[in-house]
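Tertiary structure, described
So the chains spell out like this:
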Amino acid sequence: MSATRNGHANGGDNGDSVPAPISKRFADIPSAIDIPVQGDQEDEAVEIDLEDLVDDPTELCTLFENEQAARTYWMTVSLAYAKQKKIDHAIEMLNRGGNAMQDNNPKEKLSIITCLCWMYLWKSREAPRVLPDGDVQTEAKTKDFYLQLATSSLNDASRINPAFPPLFLARGVLQLLKASLQTPSKNPGVGREGDRAGHEKDKADLLKSALKAFDQASKVSQGKNMLASLGRARALFGLGNYKESLEVYQSVLRKMPDLVDPDPRIGIGCCLWQLRYKDDAKQAWERSLEINPESKAANILLGLYYLDASSRVPTNSPEFIRLYKKAMNEYTQKSFKIDKNQPLTCATFASYFLSTKNLAYVDSLANKAIQFTDVNAIASDGWYLLARKEHYSGNYDIAADYYRRADEARGGLDRGYLPAKFGVAQLSVLNNDLGEAKLRLEKIIQSSSKNERNYEAMILLGTLYAEEVFANQYVTPKEDKSAEMRKAIEYLEHARTAWKDPKKNLAPDSAILLNLARLYESDHPDKALECLLQVEQLELDQIPPSEHPTDTEDESALRNALRKNLPPQLLNNIGCFYSQAEKHDLASQMFEAALSSCMRISEKGEDTDTDSLVTTISFNLGRSYESQGLTDEAVDVYEKLLIRHNNYIDAKARLAYIKLRKNPNKEGPDAVAQLQQENSTDLEVRALYGWYLGRVSSRKRSGNVNEDPELRHYKHTLQHHDKHDRYALIGMGNLYMMAAREMRRDTEQEKQKRSAGYTRAVEFFDKALQLDPKNAHAAQGIAIALVEDRKDYKSALPIFLKVRETIKDPNVYINIGHIYAELRQFSKAIESYETALSKEGKQDDPGILACLGRTWLNRGRHERNLDAYKNALHFAREALRVSPDQIHFKFNVAFVQVQQVQYIINVAETQRTLAQLEEASEGLEAAIVALDEIATHPQPPYPKADLEQRANMARNTQRKQLARQIEQQKEYEEKNKEKLAAALEQRQAEMKRRQEERQKALDQERERQEKIRKEREEIAARDRELAEQREKEDMERMQADMTTDSETGAKVSRKGKAKARGKAKPKGRSRKKQEADDDESEEERQPKKKRKLATKKESNTKYKSAEIVVDSSDDDDALDRADQAIEHHRTPASDADDVSRADENENRMDVDNAAGQDEEEEEEVTTTRASARSGRRGRVLDDSDEDENEAGGSAEVEGNEGSGADDGEAGAGAADTSMADAADDDEEE
């Protein structure tokens, strides 16, 4: 490109002023012309001022006809009219001139007909593509009309002389214009694959024909016809061969740096833009605008560059405003002033007016863009703008038609225009045709690549699926919408992920996050909370600094202060999720902030119903206070609520519950009873009263479950109030299950009656699950029935594991521990019991401690581990410590002590110690005393005879056995004392030696690492010294090579000065040779790694280069690889300014020529290589884990009484905490 570089304009010296190139179009048209006329004198002539021609050329035509003027006069005057842009007059002159020469030699008419063809081509460029709607003027002509006339004229000229050189150029331009008018589909309904393929083939054929014509024109002119080269570049651009097109444009600019009309810099910029070198394209267009400030193409293209740049920054940033204003005010507006019919400018301005909702201007400008463009993409933009205008206006049918036209103008169906397709999908949503909308959006998403996903379509489609899921929550019966939920989450999460990529420039959308929060609410509350917190942050970021409190510096305090400016609904939802996650302090903060927000809304007088919000949020705050144990604060909140709404039953129920907790004997029961009398039809109140009846009557239940007051209450609820009340159903199931658990099972008839009771309970649980498939309390009831009735541990375990995720109750973990213990998975059972023990209110629960003791005992028996026996004894003593009045806990301690003695007397002498035996003896004596005391208890846990038998066996048999084992152990240890001491000493020495070896190895490794570190530091320091020394030597060598120029006094290179002097010799070397020598001198001063390339020979042709631009994908071309290495740090921007001084035999796409070379000359280049090239979740229980015939603890599984209400507690059944049957088989050993 002939751009100014380093202060030099096209090679001019410093200080020289080189005028900007000007257009040479019509440069040979004189200002006046003398027409010879017949008269008295031979040289008599009429002078015609060509700069002030008459508006009607009829008189001139008559004059020329009468005087039989020569062809040149006719063409000169016609071109003068064309110069003044009076094309119609020029065409009239040419037609009259052609008719006047009918009798002359046909070759005389050839130039006139050819010129007439060019005038028709000119008119085609200015004519509308389609006539305006409703225009019936016969004078209006379209582009196609003038192209037909141009084709006719071209054919006439070809009949005279088909080899006439200007005809090749005219034929190429004609084919280019015809190709640009090719539409993807002639008929509105046509859009089949074959039609599109045919359109593409027809267009490609026309472009190839144009390319052939331009090649012929260039060949005839021996490569001197630059317009033919420009035509070739334009045809290559149309075919999508942007690299080769760029090369041709650059070649033209090198040969004619002063060519400005047409300006190859425009083409260079367009090619660079298509090749993703947008900044380099901007430089080319800026240079074009610098040369020709009135260039409408350069102005609008620069405007589009800055519009594109503004699209990559946030719309609320100052940078966006700057870029957008520069695009519209500085460039697009200027282009519109130059030519109000320029299609691209009209479409750009129409887009601006559409964004400002100035729809009247949109209509006129978009129609202009459609009428006058010969580019399908611009016509598509025009139709799209009209469609958006009608879309905004509510004219959906018209908008749909315009969207279709915009899509078809770019190919339709699988190709087409995605914004137009998206617009049609939006219209389908507005018309409530959601199925059609989803189908269209799915196609849009499928057609887009992974790197260029259409996130707008994903957001809309995800929202449609989300709304479908939300609507299903309020219908009965509910459908399975899991697939729709999965798709909604997938699409919305894709858009959410894209926000993190700064290159996509997508701003976070609160609506997407709110939809995701609703989708995650049931199954993933943690993710829902995350989405809501992100929405909160977005809202906080939008609060202007002027509203920030000035007296708050702490970040958390500032955040709490700013929350009053957020929507109270958002804060309330966040608080609910915090409360669900048992983070009640954070929940209280959110509820308090939500109330402050409601107060702010009320003070501002905004049209929002804050009373309902305040009521709901206040109740939530009270529940949060309750969860934190702040009962007084909760009571205060509920009482204030009742002052506002004295019929608020939920608040009354909570107050009654609190009173029942504080005063369970008088005031509490009275409050609950009064609440039941006043609101006997409210299901929540009835649930609370049912729970209260269960707590009161639990200690005096009769053997007949049908007489239980709690069951009669639930039955009354189901019969007279709501037969689908889930709390009542689960409550009845729990009561039937507890009754079945207490039934005797000695006979087969009793077992069947007991099983029928469990079946009845399961029926109620199953009914509740039918009404609510996610009811964890009902599922837990079924799992308990499976264990207690059928001993089906494997089926019950997965249910408990799922229930554990929902019910935050320790009894769930206790039940899981029971199952693991029965499955002999003792480690998991112990883990579950310990988890339950860690829950709030269960730290010293004697039942859990007893279960842990029993499990450790069974584990010790199973694994034959003395430590497990000790753990069992520890937990049995802890349970007795917590509940010393429970006689069965005292029995458990004695039982474990007896079992420990039974185990240790069978252990080999080498695996036990005398101290352990003595400790077991002490435990045995304590167990004998305890068993005697338990046998005399009024209510012993086992028959008195059995207890006395166990005590006698321990007193007689086990005591003697243990005494013998103690004596044997004493003899063994005394006999092997020296061996044991030596073994102990040897073991200690071995451990000491290993420790020393380990420490030595660590010290050696530390020393090795330190040595390596020092060596690396020395190498780095040496490298720095060498680099500094080399840099110093290079500077000294460069200074020594410089001398003072005698003419300018400036420091110059000695070799450069010598070469400058050598230019004066008559047979001096060429400029290319000198540049090569300059490069050699640079290489001498800076030694580099070099590699020789293959010799490149220049063509002998004077005007036409024989070198070929090789595609960069050819891995086998060594020359191409070398060129890539040479230009590794170059971009088209750095090359664009060197076009005017580059060698015309350049064989790289880049413009400048780093160093010319003569024939047979070898070039040495610095090679730079890249590091590498790219080429083309419950465990499935094994039956082996079970041993049904082996004696073990048969513990009852915990029950869940009255579960299902917010304030209900899952009551545990009477768990068997005895360890007496844990080792019945062992007694036989």
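Small disclaimer: the values here were computed from a predicted structure and weren't measured. Here the residue numbering is sequential within each chain, running from 1 through the sequence in written order. Local features in this predicted model are restricted to residues whose pLDDT is 70 or higher, and side-chain atom pairs enter the listing and the counts only when it is 80 or higher, whereas totals over whole chains, interfaces and linings include all residues. Side-chain numbers here rest on the full set of heavy atoms in the structure, without hydrogens or water.

Examining the overall build of the chain
Stated precisely, the cut-off is as follows: A run of H or I in DSSP becomes a helix once it reaches four residues, and a run of E becomes a strand once it reaches two; helices and strands are each numbered from the N terminus. Partly exposed residues are those whose accessible area sits between 20% and 50% of the maximum for their type, while under 20% is buried and over 50% is exposed, using a 1.4 Å probe and protein chains only. Areas reported as accessible are Shrake-Rupley estimates using a 1.4 Å probe. Residue values count occlusion only from the protein chains shown.
In terms of helices and strands, the chain carries 48 helices and six strands. Expressed as a percentage of its 1229 residues, the buried residues of the chain come to 43%. Of the roughly 67,300 Å² that the chain leaves accessible, carbon and sulfur atoms contribute 47%.

Quick notes on a negative patch on the surface
Spelled out, the test is: Every patch collects residues that have over 30% relative accessible area and no salt bridge, joining them within 9 Å if they carry like charges and within 5 Å if they are nonpolar side chains (Val, Leu, Ile, Met, Phe, Trp, Tyr). Think of a salt bridge as a Lys or Arg side-chain nitrogen and an Asp or Glu carboxyl oxygen that are within 4 Å of each other. Counting rule applied: Lys, Arg positive; Asp, Glu negative; His and chain ends not counted. Taken as the charge centre is NZ of Lys, CZ of Arg, CG of Asp or CD of Glu, depending on the residue.
A cluster of acidic side chains, namely Asp34, Glu47, Asp49, Glu51 and Asp52, defines a negative patch on the protein surface. Looking at where Glu51 falls in the secondary structure, it is placed in the loop between strand E2 (45-49) and helix H1 (58-66).

Some thoughts on the nonpolar core
Put simply, the rule reads: Nonpolar core, defined: a set of buried Ala, Val, Leu, Ile, Met, Phe, Trp, Tyr and Cys residues in which side-chain atoms within 4.5 Å join the residues together. Note on definitions: a residue-residue contact is assigned when non-hydrogen atoms from the two residues lie within 4.5 Å.
Ranked by internal contacts, the top residues of the largest apolar core, which has 107 residues, are Phe800, Ile819, Tyr833 and Leu962. Among residues more than four places away in sequence, those in contact with Ile819 are Val787, Tyr793, Ala796, Leu797 and Phe800. Grouped together as the second largest cluster of nonpolar side chains are 73 residues, Leu169, Leu272, Ala366 and Ala387 included.

Some points on the packing of helix H25 (residues 568-580) against helix H26 (residues 584-604)
Counted only if it meets this: Lines are fitted to the C-alpha atoms to define the axes, a helix being fitted only along its stretch in contact, and any angle between axes, read from their N-to-C directions, falls within 0 to 180 degrees. In this scheme, roughly parallel covers angles under 35 degrees and roughly antiparallel covers those over 145, while 65 to 115 is roughly perpendicular and the rest are oblique. Left-handed describes a crossing whose near helix is turned anticlockwise from the far helix by less than a right angle; the clockwise case is right-handed.
Running from N to C, H25 and H26 point in directions that differ by 165°, and their axes come no closer than 8 Å. By the criterion of interaxial angle, the relationship of H25 to H26 is roughly antiparallel. Once H25 is placed against H26, the crossing between them reads as left-handed. On H26, the residues touching Pro568, Leu571, Asn572, Ile574, Gly575, Cys576, Tyr578 and Ser579 of H25 are His584, Leu586, Ala587, Met590, Phe591, Ala593, Ala594, Ser597, Cys598 and Ile601.

Here's the deal with the packing of aromatic side chains
The cut-off we apply is this: A pair of Phe, Tyr and Trp rings is counted when the ring centres sit within 6.5 Å of each other, with Trp represented by its six-membered ring. The angle between the planes then sorts it: under 30 degrees is stacked, over 60 is edge-to-face, the rest tilted.
Under the defined criterion, the tally for this structure stands at 26 aromatic pairs. A centroid spacing of 5.4 Å and a plane angle of 80° characterise the contact between Phe336 and Phe349, whose relative ring orientation is edge-to-face. Of this pair, Phe336 sits in helix H13 (residues 318-338) while Phe349 sits in helix H14 (residues 343-355); the two residues are 13 residues apart in sequence, bridging distant segments of the chain. Here Phe336 and Phe349 have matching classes, each one buried. When the centroid spacing of 5.9 Å and the interplanar angle of 50° are considered together, the rings of Tyr384 and Tyr403 count as tilted. Here Tyr403 lies in helix H17 (residues 396-409) and Tyr384 lies in helix H16 (residues 376-393), a separation of 19 residues in the sequence. Connected via pairs of aromatic rings, a cluster forms that spans Phe320, Tyr324, Phe336, Phe349, Tyr352, Phe353 and Tyr361.

Let's talk about the side chain of Gln902
What counts here: For the purposes of these results, a polar contact is taken to be a pair of N or O atoms within 3.5 Å, where, inside protein, one atom must be able to donate a hydrogen and its partner to accept one; residues adjacent in sequence count only when each atom of the pair is a side-chain atom.
With respect to the helices and strands, the residue Gln902 is situated in helix H41 (residues 887-904). There is a polar contact of 3.0 Å between the side chain of Gln902 and the side chain of Gln958.

Some thoughts on the pattern of salt bridges
A full pass over the atoms with the stated rule returns 57 salt bridges. Here Arg993 makes a salt bridge to Glu990, at a shortest N to O gap of 2.3 Å. Note that Arg993 and Glu990 are positioned in helix H44 (residues 977-1040) at a spacing of three residues, about one turn of the helix. A residue is classified by how much of its surface remains accessible, and Arg993, at 35% relative accessible area, is partly exposed.

Notes on the side chain of Thr332
Structurally, the position occupied by Thr332 is in helix H13. With a relative accessible area of 0%, Thr332 lands in the buried category. Discounting chain neighbours no more than four positions away, the residues touching Thr332 are Asn299, Ile300, Gly303, Ala327, Thr345, Thr348 and Phe349.

A closer look at unusual backbone geometry
Omega for the peptide link from Asp261 to Pro262 comes to 0°, which places this bond in the cis form. Locating Pro262 in the fold gives a position in the loop between helix H9 (242-255) and helix H10 (264-274). Unusually for a residue other than glycine, Arg276 sits at a positive phi of about 75°. Position of Arg276 relative to the elements: it lies in the loop between H10 and helix H11 (278-291). We note that Glu582 has phi near 65°; this positive angle belongs to a residue other than glycine. Along the chain, Glu582 falls in the loop between H25 and H26.

Quick word on helix H3 (residues 87-100)
Here is the rule we go by: Take the residue count of a helix, subtract one, and multiply by 1.5 Å to get its expected span. In this context, the arc is that of the directions from the helix axis out to the C-beta atoms.
Taking 1.5 Å of rise per residue, the 14 residues of H3 would be expected to cover 20 Å, and the 20 Å separating its terminal C-alpha atoms lies within 8% of that figure. Among the residues making up H3, those that are buried are Ile87, Ala90, Ile91, Met93, Leu94, Gly97 and Gly98. All buried residues of H3 fall inside an arc of 160° around its axis, so they share one side. Looking at the buried positions of H3, the neighbouring elements they touch are H1, helix H2 (71-83) and helix H4 (106-126).

A few points about the pairing of strand E1 (residues 32-36)
Basically, it comes down to this: Think of it this way: DSSP has to see at least two bridges between two strands before they count as a pair.
A one-sided burial pattern is seen for E1, the buried positions being Ile33 and Ile35 and the unburied ones Ala32, Asp34 and Pro36. Inspection of the sheet shows E1 paired to E2 by five bridges, in the antiparallel sense. Within the sheet, the bridge partner assigned to Asp34 lies in E2 and is Glu47.

Brief notes about the environment of Gln770
Among the structural elements, Gln770 can be located in helix H34 (residues 748-771). When its relative accessible area of 54% is taken as the criterion, Gln770 is described as exposed. In this structure, the C-alpha to C-alpha distance between Gln770 and His724, residues 46 residues apart in sequence, is 9.9 Å.

Notes on the confidence of the model for the chain
Worth spelling out the cut-off: A score from 0 to 100, pLDDT tells how confident the predictor is in each residue.
Here the chain averages 79 in pLDDT, while 80% of its residues score no lower than 70. In the model, residues 1057-1217 has pLDDT below 50 throughout and makes 293 contacts with residues more than four positions away in sequence or in other chains. Segment residues 1221-1229 is flagged for pLDDT under 50; beyond a separation of four residues in sequence, or across chains, it makes 18 contacts in the model.

Some points on the environment of Val907
By the secondary structure assignment, Val907 is in the loop between H41 and helix H42 (914-935). Taking relative accessible area as the criterion, Val907 reaches 12% and is therefore assigned buried. Linking Val907 and Leu866, residues 41 residues apart in sequence, is a C-alpha distance of 9.5 Å.

Let's talk about the packing of helix H35 (residues 776-790) against helix H36 (residues 793-804)
The cut-off we apply is this: Charged residues are taken to be Asp, Glu, Lys and Arg, nonpolar residues to be Ala, Val, Leu, Ile, Met, Phe, Trp, Tyr, Cys and Pro, and polar residues to be all remaining types, Gly included.
Packing of H35 against H36 brings their axes to within 9 Å, and their N-to-C directions diverge by 155°. Between H35 and H36, the crossing angle belongs to the class labelled roughly antiparallel. Along this stretch, H35 crosses H36, giving a crossing that reads as left-handed. Contacts from Ala776, Ala779, Gln780, Ala783, Ile784, Leu786 and Val787 of H35 reach H36 at Tyr793, Ser795, Ala796, Ile799, Phe800 and Val803. When the residues that make up the contact of H35 with H36 are grouped by side-chain class, the tally is eleven nonpolar, two polar and no charged.

A look at the environment of Pro568
Structurally, Pro568 is set in helix H25. Pro568 sits 24 residues away from Glu592 along the chain, and the two C-alpha atoms are 9.8 Å apart. Filtering out sequence-adjacent residues up to four positions away, Pro568 remains in contact with Ala594, Ser597, Cys598, Ile601, Leu613 and Ile617.

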